[in-house]
Amino acid sequence: MSDLVVARTRAELAAARGALQAPVAVVMTMGALHAGHARLVREARARGGSVLVTVFLNPLQFGAGEDLARYPRTLDADLALAAAEGADVVFAPGPDVVYPDGEPGVRVSAGALGDVLEGASRPGHFDGMLTVVAKLMNLTRADVCLFGQKDAQQLLLVRRMVRDLDLGVEVVAVPTVREDDGLAMSSRNRYLSPFDREVSLVLHRSLAAGEAAAAEGPSAVRRAARDVLRTEPAARVDYLALVDPVTLADVPEHFRGDALLAVAARVGSTRLIDNVPLVIGRAEG
Ligand SMILES: Nc1ncnc2c1ncn2[C@@H]1O[C@H](COP(=O)(O)OP(=O)(O)OP(=O)(O)O)[C@@H](O)[C@H]1O
Ligand SMILES: [Mg+2]
């Protein structure tokens, strides 16, 4: 526990990074760490090199009217979790360290893949996310970065950025960690009231119903998932989409093969997302 190094400045990060054994695996987070983040750190640890966790609440990926001001900040608990999971370094900079000149004029553009699903509801979100991911890859000199499948569009866009811009970082996907009742772990779950927490289960139940219909084809998947969502009007659905996992285009009726069923809904004042990868046209198991 005790040998975790905490770096708050660029100089502290450079010193800590210099002492790390390659390969350096980086887990990027916005803090308020939970068991999903712990799983990413464990997977990073299992790769045999060093583990660096970043905790940075990136203002650039929040839109006006989003929850930046009230986002949970729990740095002491985050450091304890990172230490317990065997991280070597936590880089926890403030915005002035990451953006010393203020908001960057030059940014990464997510392109068309950043305009659909999450991007349709959160304009500019993915440009802000990719910009900070690129900066943190460079600042940490990451060999490997691990990302959660829960944020499937983010994972896809990071992969594209690394390919399209030849960043030379290995990107590893980690499956979604869930509560016992199926709710995908998220830092934002702590906004949920007890009532909201019950309502939130409809996301996972809807995805499970879609998954169970995968053998029957796209319209059966969509119908099954939509029917479950309709049982819970307190969950205000933003989108339910069955898409190609690489292009994010809606899959056509006779599509067979790998697809992604993704959902976003507002429960109380909290926006939740979840998804499952599935194979259309083939029985599960
Ligand atoms: N339940 C989960 N299972 C696996 N990975 C996860 C899970 N939740 C988050 N992650 C991953 O952790 C990394 C950091 O995510 P982040 O700090 O945004 O946490 P978060 O729980 O997604 O918070 P929020 O819901 O507020 O965005 C991302 O790669 C994300 O995909
Ligand atoms: Mg997140």
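Everything quoted here is computed from the prediction, not taken from an experiment.

What counts, and where the lines are drawn
Residues numbered from 1 in each chain as written. Chains lettered and ligands numbered in written order. Predicted model: local features only at pLDDT ≥ 70, side-chain atom pairs only at ≥ 80, totals over all residues. Heavy atoms only, no water. Helix = DSSP H or I, 4+ residues; strand = E, 2+ residues; numbered from the N terminus. Contact = heavy atoms within 4.5 Å. Areas by Shrake-Rupley, 256 points an atom, 1.4 Å probe, with all protein chains shown as cover. Lys, Arg positive; Asp, Glu negative; His and termini not counted. Charge placed at Lys NZ, Arg CZ, Asp CG, Glu CD. Salt bridge = Lys/Arg side-chain N within 4 Å of Asp/Glu carboxyl O. Buried < 20%, exposed > 50% of the residue type's maximum accessible area, 1.4 Å probe, protein only. Pairing = 2+ DSSP bridges. Axes fitted to C-alpha atoms, helices over the stretch in contact; angles between N-to-C directions. Parallel < 35°, antiparallel > 145°, perpendicular 65-115°, else oblique. Nonpolar A, V, L, I, M, F, W, Y, C, P; charged D, E, K, R; others polar. Near = heavy atom within 4 Å. Polar contact = N/O pair within 3.5 Å; in protein donor to acceptor, adjacent residues only side chain to side chain.

S.K.: Before we move on, could you go through the overall build of the chain and cite the residues and values that matter?
M.R.: Along the backbone of the chain there are nine helices and nine strands. Relative to all contacts within the chain whose residues are 6 or more apart in sequence, the contacts with residues 24 or more apart total 72%. On the chain, roughly 12,900 Å² of surface is accessible, and the fraction owed to carbon and sulfur atoms is 52%. A distance of 1 Å separates the average location of the 31 positive side-chain charges in the chain from that of its 36 negative side-chain charges.

S.K.: Please provide a residue-by-residue account of the pattern of salt bridges, values included.
M.R.: Inspection of every chain in the model, using the stated rule, returns 13 salt bridges. Between R39 and E43 there is a salt bridge, with its nearest N and O atoms 2.9 Å apart. Taken together, the positions of R39 and E43, both in helix α2 (residues 35-45) and four residues apart, correspond to about one turn of that helix. A relative accessible area of 31% means that E43 is categorised as partly exposed. In this structure, D164 engages R160 in a salt bridge whose closest nitrogen and oxygen atoms are separated by 2.8 Å. One end of the pair is D164 and the other is R160, both in helix α7 (residues 152-164) and four residues apart, which spans about a single turn. Accessibility expressed as a relative area gives 48% for D164, which makes it partly exposed.

S.K.: So what about the sheet that holds strand β3 (residues 50-55)? Which residues, and what values?
M.R.: In spatial order, the strands read β1-β4-β3-β2-β5-β6; together these six strands make up an open sheet with parallel pairing. Of all the strands in the sheet, the pair left with one neighbour each is β1 (5-7) and β6 (170-174). Between one strand axis and the next, the sheet turns by 25° as a mean value, whatever way the strands run. One ladder, built from five bridges, connects strand β5 (residues 144-148) with β6; its direction is parallel.

S.K.: Talk me through α2; I want residue IDs and the actual numbers.
M.R.: Residues of α2 that are buried include every one of G36, H37, A38, L40, V41 and A44, and no others. Where α2 is buried, its residues meet β2 (24-29), β3, α3 (75-84), β5 and β6.

S.K.: Requested: an account of the packing of helix α1 (residues 10-18) against helix α6 (residues 125-140), with residues and values cited.
M.R.: Viewed as axis vectors pointing N to C, α1 and α6 meet at an angle of 55°, and their least axial separation amounts to 9 Å. Judged by the angle between their axes, α1 and α6 are oblique. Across the interface between the two elements, R10, L13 and R17 of α1 pack against K135, L139 and T140 of α6. Across the contact of α1 with α6, the residue classes break down as two nonpolar, one polar and three charged.

S.K.: I'd like a rundown of the site of ligand 1, residues and numbers included.
M.R.: Near ligand 1 lie 20 residues; those nearest to it are H34, Y71, K150, D151 and S186. Residue H34 places a side-chain N or O atom 2.7 Å away from an oxygen atom belonging to ligand 1. A distance of 2.6 Å is found between an oxygen atom of ligand 1 and a side-chain nitrogen or oxygen belonging to Y71. Relative to its free-state accessible area of 590 Å², ligand 1 is covered by the protein chains to the extent of 95%. For the shell around ligand 1, the secondary structure elements donating two or more residues are β2, α2 and β5. Broken down by element, the residue count for the shell around ligand 1 peaks at three residues, all from α2. Of the residues assigned to the shell around ligand 1, the class counts are eight nonpolar, nine polar and three charged.

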